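Take a look at the letters that make up each chain.
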Amino acid sequence: MLLPMRAVTGAVLSPMGDGVRSAAVLAVVLCGSLGATTRGLAAEPAVTPRGPSFHPEGPGAGRLRVAVGASIDILPRRLVESEQRPFPFATVHVRYGLPSGCSVSARAKAIYLSNYLEVGASFSHRFGPFAVGVQNHGGVWFGALGVDGFDATGWSIVDEPGILLGLDVGTSRVSLTGELLLSFGKHTSLGDATRTIGAGSVFSGVATTLLVESFVGRSSVIHYGVGLLGAAPQYEAWIAFSDARSRIWYPRILGGYAF
(Lines give C-alpha, C1' and ligand atoms only; values in the text may rest on other atoms or scores of the structure.)
Protein backbone atom coordinates (compact mmCIF):
# COMPACT_ATOMS: atom_id res chain seq x y z
CA MET A 1 0.00 0.00 0.00
CA LEU A 2 1.48 3.36 -1.10
CA LEU A 3 0.23 6.85 -0.05
CA PRO A 4 0.84 10.13 -1.92
CA MET A 5 4.07 11.77 -0.72
CA ARG A 6 2.31 15.11 -0.17
CA ALA A 7 -0.19 13.50 2.24
CA VAL A 8 2.56 11.90 4.28
CA THR A 9 4.65 15.09 4.33
CA GLY A 10 1.67 17.18 5.33
CA ALA A 11 0.89 14.85 8.21
CA VAL A 12 4.44 14.92 9.51
CA LEU A 13 4.71 18.73 9.34
CA SER A 14 1.31 19.42 10.88
CA PRO A 15 1.09 21.18 14.29
CA MET A 16 1.77 19.33 17.50
CA GLY A 17 -1.98 18.93 18.04
CA ASP A 18 -2.07 16.68 14.96
CA GLY A 19 0.63 14.31 16.32
CA VAL A 20 -1.84 11.50 16.81
CA ARG A 21 -2.97 11.80 13.21
CA SER A 22 0.66 11.78 11.99
CA ALA A 23 1.45 8.64 13.95
CA ALA A 24 -1.63 6.95 12.55
CA VAL A 25 -0.64 7.79 8.96
CA LEU A 26 2.90 6.43 9.45
CA ALA A 27 1.54 3.28 11.08
CA VAL A 28 -0.72 2.68 8.08
CA VAL A 29 2.25 3.05 5.71
CA LEU A 30 4.43 0.64 7.71
CA CYS A 31 1.67 -1.92 8.19
CA GLY A 32 0.79 -1.82 4.51
CA SER A 33 4.40 -2.43 3.48
CA LEU A 34 4.84 -5.24 6.02
CA GLY A 35 1.60 -6.86 4.91
CA ALA A 36 2.67 -6.84 1.27
CA THR A 37 6.01 -8.44 2.15
CA THR A 38 4.34 -11.13 4.28
CA ARG A 39 1.89 -11.99 1.50
CA GLY A 40 4.77 -12.27 -0.96
CA LEU A 41 6.65 -14.69 1.29
CA ALA A 42 3.55 -16.76 1.92
CA ALA A 43 3.00 -17.09 -1.83
CA GLU A 44 6.37 -18.81 -2.30
CA PRO A 45 6.04 -22.62 -2.39
CA ALA A 46 7.39 -24.54 0.59
CA VAL A 47 10.49 -26.62 -0.09
CA THR A 48 9.90 -30.31 0.61
CA PRO A 49 13.11 -32.04 1.72
CA ARG A 50 14.26 -35.14 -0.09
CA GLY A 51 13.86 -38.42 1.71
CA PRO A 52 16.44 -41.18 2.18
CA SER A 53 17.96 -43.53 -0.42
CA PHE A 54 17.46 -46.99 1.09
CA HIS A 55 14.49 -46.61 3.43
CA PRO A 56 11.29 -48.13 1.96
CA GLU A 57 9.73 -44.69 1.47
CA GLY A 58 12.58 -43.41 -0.70
CA PRO A 59 13.37 -39.80 -1.65
CA GLY A 60 9.76 -38.80 -2.45
CA ALA A 61 7.84 -38.28 -5.67
CA GLY A 62 9.81 -36.36 -8.27
CA ARG A 63 13.01 -36.39 -6.21
CA LEU A 64 16.40 -37.99 -6.83
CA ARG A 65 19.00 -39.42 -4.46
CA VAL A 66 22.54 -40.49 -5.40
CA ALA A 67 24.44 -42.47 -2.75
CA VAL A 68 28.10 -43.41 -3.03
CA GLY A 69 30.06 -45.54 -0.58
CA ALA A 70 31.75 -48.84 0.06
CA SER A 71 30.95 -52.28 1.43
CA ILE A 72 33.21 -55.06 2.71
CA ASP A 73 32.29 -58.74 2.76
CA ILE A 74 34.49 -60.80 5.08
CA LEU A 75 34.70 -64.30 3.61
CA PRO A 76 35.23 -67.40 5.79
CA ARG A 77 38.78 -68.64 6.27
CA ARG A 78 37.83 -72.18 5.27
CA LEU A 79 36.79 -70.88 1.84
CA VAL A 80 39.66 -68.53 0.99
CA GLU A 81 42.28 -70.45 3.04
CA SER A 82 45.45 -68.30 3.01
CA GLU A 83 44.08 -65.65 0.64
CA GLN A 84 42.71 -62.27 1.66
CA ARG A 85 39.40 -62.50 3.52
CA PRO A 86 37.98 -58.94 3.14
CA PHE A 87 36.18 -58.48 -0.18
CA PRO A 88 35.73 -54.69 -0.66
CA PHE A 89 33.39 -53.02 -3.15
CA ALA A 90 32.88 -49.44 -4.30
CA THR A 91 29.13 -48.82 -4.46
CA VAL A 92 26.73 -46.41 -6.21
CA HIS A 93 22.97 -46.31 -5.64
CA VAL A 94 20.64 -43.99 -7.61
CA ARG A 95 16.94 -43.79 -6.71
CA TYR A 96 14.15 -41.66 -8.16
CA GLY A 97 10.78 -41.30 -6.45
CA LEU A 98 7.46 -41.73 -8.26
CA PRO A 99 3.88 -41.06 -7.08
CA SER A 100 1.88 -43.51 -4.94
CA GLY A 101 4.90 -44.87 -3.04
CA CYS A 102 6.71 -46.18 -6.12
CA SER A 103 10.30 -45.57 -7.14
CA VAL A 104 12.88 -46.75 -9.67
CA SER A 105 16.55 -47.28 -8.99
CA ALA A 106 19.90 -48.36 -10.36
CA ARG A 107 22.79 -49.72 -8.35
CA ALA A 108 26.31 -50.90 -8.99
CA LYS A 109 29.19 -52.32 -7.00
CA ALA A 110 32.60 -53.14 -8.36
CA ILE A 111 36.16 -54.21 -7.60
CA TYR A 112 37.09 -55.52 -11.11
CA LEU A 113 37.34 -59.08 -9.81
CA SER A 114 33.57 -59.07 -9.23
CA ASN A 115 31.10 -56.45 -10.49
CA TYR A 116 27.32 -56.00 -10.38
CA LEU A 117 25.13 -53.63 -12.42
CA GLU A 118 21.38 -53.70 -11.73
CA VAL A 119 18.18 -51.72 -12.27
CA GLY A 120 14.95 -52.15 -10.33
CA ALA A 121 11.73 -50.80 -8.90
CA SER A 122 10.04 -50.71 -5.50
CA PHE A 123 6.71 -49.97 -3.84
CA SER A 124 6.19 -48.90 -0.23
CA HIS A 125 3.46 -47.91 2.20
CA ARG A 126 3.72 -45.96 5.47
CA PHE A 127 1.97 -46.72 8.78
CA GLY A 128 2.81 -43.83 11.10
CA PRO A 129 6.55 -44.11 11.91
CA PHE A 130 6.72 -47.52 10.18
CA ALA A 131 7.03 -48.32 6.48
CA VAL A 132 7.01 -51.56 4.50
CA GLY A 133 8.01 -52.18 0.92
CA VAL A 134 8.83 -54.69 -1.77
CA GLN A 135 11.51 -54.36 -4.41
CA ASN A 136 13.22 -56.23 -7.21
CA HIS A 137 16.55 -55.60 -8.92
CA GLY A 138 17.86 -57.44 -11.96
CA GLY A 139 20.97 -57.09 -14.04
CA VAL A 140 24.32 -58.63 -14.83
CA TRP A 141 27.32 -59.85 -12.87
CA PHE A 142 30.76 -60.10 -14.46
CA GLY A 143 34.29 -60.62 -13.21
CA ALA A 144 37.82 -61.10 -14.46
CA LEU A 145 41.27 -61.94 -13.16
CA GLY A 146 44.46 -62.06 -15.17
CA VAL A 147 47.73 -62.31 -13.23
CA ASP A 148 50.85 -64.43 -13.79
CA GLY A 149 49.30 -66.47 -16.59
CA PHE A 150 46.10 -67.06 -14.58
CA ASP A 151 43.36 -65.88 -16.96
CA ALA A 152 39.82 -66.30 -15.61
CA THR A 153 36.49 -64.65 -16.50
CA GLY A 154 32.89 -65.08 -15.44
CA TRP A 155 29.43 -63.63 -16.00
CA SER A 156 25.75 -64.30 -15.31
CA ILE A 157 22.32 -62.71 -15.22
CA VAL A 158 21.20 -61.94 -11.67
CA ASP A 159 17.88 -61.17 -9.97
CA GLU A 160 17.42 -60.04 -6.36
CA PRO A 161 13.81 -59.69 -5.12
CA GLY A 162 13.39 -58.42 -1.58
CA ILE A 163 11.27 -56.97 1.19
CA LEU A 164 11.96 -53.87 3.28
CA LEU A 165 10.95 -52.72 6.75
CA GLY A 166 11.53 -49.13 7.86
CA LEU A 167 11.31 -47.13 11.07
CA ASP A 168 11.66 -43.41 11.84
CA VAL A 169 13.97 -42.72 14.80
CA GLY A 170 14.25 -38.97 15.33
CA THR A 171 16.03 -37.52 12.31
CA SER A 172 17.30 -40.95 11.25
CA ARG A 173 15.72 -43.71 9.17
CA VAL A 174 16.37 -47.35 10.01
CA SER A 175 15.85 -50.05 7.38
CA LEU A 176 15.92 -53.84 7.47
CA THR A 177 16.19 -55.45 4.02
CA GLY A 178 15.99 -59.11 3.07
CA GLU A 179 16.85 -60.28 -0.46
CA LEU A 180 16.99 -63.56 -2.38
CA LEU A 181 20.10 -64.02 -4.53
CA LEU A 182 19.26 -65.66 -7.87
CA SER A 183 21.51 -66.21 -10.87
CA PHE A 184 20.77 -67.50 -14.35
CA GLY A 185 23.36 -69.60 -16.13
CA LYS A 186 26.60 -68.62 -14.43
CA HIS A 187 29.50 -69.04 -16.86
CA THR A 188 33.11 -69.20 -15.69
CA SER A 189 36.24 -69.94 -17.67
CA LEU A 190 39.89 -70.59 -16.88
CA GLY A 191 42.04 -70.53 -19.99
CA ASP A 192 40.40 -72.93 -22.47
CA ALA A 193 38.24 -74.62 -19.81
CA THR A 194 34.65 -73.35 -19.49
CA ARG A 195 32.13 -74.19 -16.80
CA THR A 196 28.42 -73.39 -16.60
CA ILE A 197 26.59 -73.58 -13.28
CA GLY A 198 22.91 -74.22 -13.98
CA ALA A 199 21.18 -73.67 -17.33
CA GLY A 200 18.21 -72.06 -15.56
CA SER A 201 17.89 -70.09 -12.37
CA VAL A 202 20.11 -71.01 -9.44
CA PHE A 203 19.29 -70.04 -5.86
CA SER A 204 22.60 -68.60 -4.66
CA GLY A 205 21.48 -67.58 -1.17
CA VAL A 206 20.03 -64.77 0.92
CA ALA A 207 21.25 -61.39 2.12
CA THR A 208 19.98 -59.29 5.04
CA THR A 209 21.03 -55.73 5.79
CA LEU A 210 20.38 -53.44 8.76
CA LEU A 211 21.02 -49.86 7.67
CA VAL A 212 20.80 -46.43 9.36
CA GLU A 213 20.45 -43.21 7.36
CA SER A 214 21.13 -39.99 9.29
CA PHE A 215 20.34 -36.57 7.82
CA VAL A 216 23.18 -34.04 7.82
CA GLY A 217 22.16 -30.42 7.23
CA ARG A 218 19.23 -29.75 4.92
CA SER A 219 19.83 -32.28 2.15
CA SER A 220 22.74 -34.66 2.76
CA VAL A 221 22.53 -38.11 4.33
CA ILE A 222 25.17 -40.48 5.68
CA HIS A 223 24.41 -44.19 5.85
CA TYR A 224 26.07 -47.05 7.71
CA GLY A 225 25.11 -50.59 8.58
CA VAL A 226 25.87 -54.29 8.78
CA GLY A 227 24.62 -57.31 6.89
CA LEU A 228 24.68 -61.09 6.92
CA LEU A 229 24.89 -63.27 3.82
CA GLY A 230 24.17 -66.96 3.50
CA ALA A 231 25.35 -67.84 0.01
CA ALA A 232 26.86 -70.58 -2.12
CA PRO A 233 30.68 -70.47 -2.28
CA GLN A 234 30.73 -69.42 -5.94
CA TYR A 235 28.58 -66.34 -5.25
CA GLU A 236 31.53 -64.24 -4.08
CA ALA A 237 34.57 -66.52 -4.41
CA TRP A 238 33.74 -67.69 -7.94
CA ILE A 239 37.42 -67.77 -8.79
CA ALA A 240 37.91 -70.71 -6.40
CA PHE A 241 35.84 -73.00 -8.67
CA SER A 242 34.47 -74.67 -5.58
CA ASP A 243 32.30 -77.81 -5.88
CA ALA A 244 30.74 -77.23 -2.47
CA ARG A 245 26.95 -76.82 -2.42
CA SER A 246 26.30 -75.93 1.22
CA ARG A 247 25.66 -72.28 2.10
CA ILE A 248 28.32 -70.32 3.92
CA TRP A 249 27.55 -67.42 6.26
CA TYR A 250 29.64 -64.26 6.46
CA PRO A 251 29.20 -60.62 7.50
CA ARG A 252 29.03 -57.41 5.48
CA ILE A 253 29.93 -53.87 6.62
CA LEU A 254 28.83 -50.84 4.59
CA GLY A 255 28.67 -47.08 4.69
CA GLY A 256 28.55 -43.98 2.51
CA TYR A 257 27.13 -40.57 1.70
CA ALA A 258 24.05 -39.49 -0.26
CA PHE A 259 23.42 -36.16 -1.94
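Residues numbered from 1 in each chain as written. Predicted model: local features only at pLDDT ≥ 70, side-chain atom pairs only at ≥ 80, totals over all residues. Heavy atoms only, no water.

Draft legend 1. Just the overall build of the protein chain, in detail. For the protein chain, the helix and strand inventory stands at four helices and ten strands. Counting from the amino terminus, helix and strand elements in the protein chain follow one another as α-α-β-α-β-β-β-β-β-β-β-β-α-β. By the burial criterion, 37% of the 259 residues in the protein chain qualify as buried. A separation of at least 24 residues holds for 54% of the contacts in the protein chain among residues at least 6 apart in sequence. In the form shown here, the protein chain has an accessible surface area of approximately 14,200 Å², with 69% of it arising from carbon and sulfur atoms. (Helix = DSSP H or I, 4+ residues; strand = E, 2+ residues; numbered from the N terminus. Buried < 20%, exposed > 50% of the residue type's maximum accessible area, 1.4 Å probe, protein only. Contact = heavy atoms within 4.5 Å. Areas by Shrake-Rupley, 256 points an atom, 1.4 Å probe, with all protein chains shown as cover.)

Draft legend 2. Structural context of the nonpolar core. Formed by 16 residues in total, the largest nonpolar core has its most connected members in Tyr235 and Tyr250. When neighbours within four sequence positions are excluded, Tyr250 is seen to be in contact with Asp73, Ile74, Leu75, Pro76, Gly227, Leu228, Leu229, Ala231, Tyr235 and Glu236. (Core = buried A, V, L, I, M, F, W, Y, C linked by side-chain atoms within 4.5 Å.)

Draft legend 3. Broad picture of the environment of Ala108. Assignment of secondary structure puts Ala108 in strand 3 (residues 102–110). Placed 17 residues apart in sequence, Ala108 and Thr91 show a C-alpha to C-alpha distance of 5.7 Å. Setting aside residues up to four positions removed in sequence, Ala108 forms contacts with Ala90, Thr91, Val92, Tyr116 and Leu117.

Draft legend 4. The arrangement of the confidence of the model for the protein chain in detail. Of all residues in the protein chain, 72% attain a pLDDT of 70 or more, and the chain-wide mean is 79. Within the model, pLDDT remains below 50 along residues 1–48, and this stretch shows 15 contacts once partners closer than five positions in the same chain are excluded. (pLDDT = per-residue confidence, 0-100.)

Draft legend 5. Structural detail: the pattern of salt bridges. All told, the structure shown has seven salt bridges when counted by the stated rule. The closest approach of N and O atoms between Glu179 and Arg107, which form a salt bridge, is 2.8 Å. Note that Glu179 is positioned in strand 7 (residues 172–190) and Arg107 in strand 3, a separation of 72 residues in sequence. Since its relative accessible area comes to 12%, Glu179 is described here as buried. What makes Arg107 buried here is its relative accessible area of 18%. Asp168 is the salt-bridge partner of Arg173, the closest N and O atoms lying 3.3 Å from each other. Exposure remark for Asp168: the relative accessible area of 22% places this residue in the partly exposed category. Each of the salt bridges in this network shares a partner with another, and the network as a whole consists of Glu57, Arg126, Asp168 and Arg173. (Salt bridge = Lys/Arg side-chain N within 4 Å of Asp/Glu carboxyl O.)

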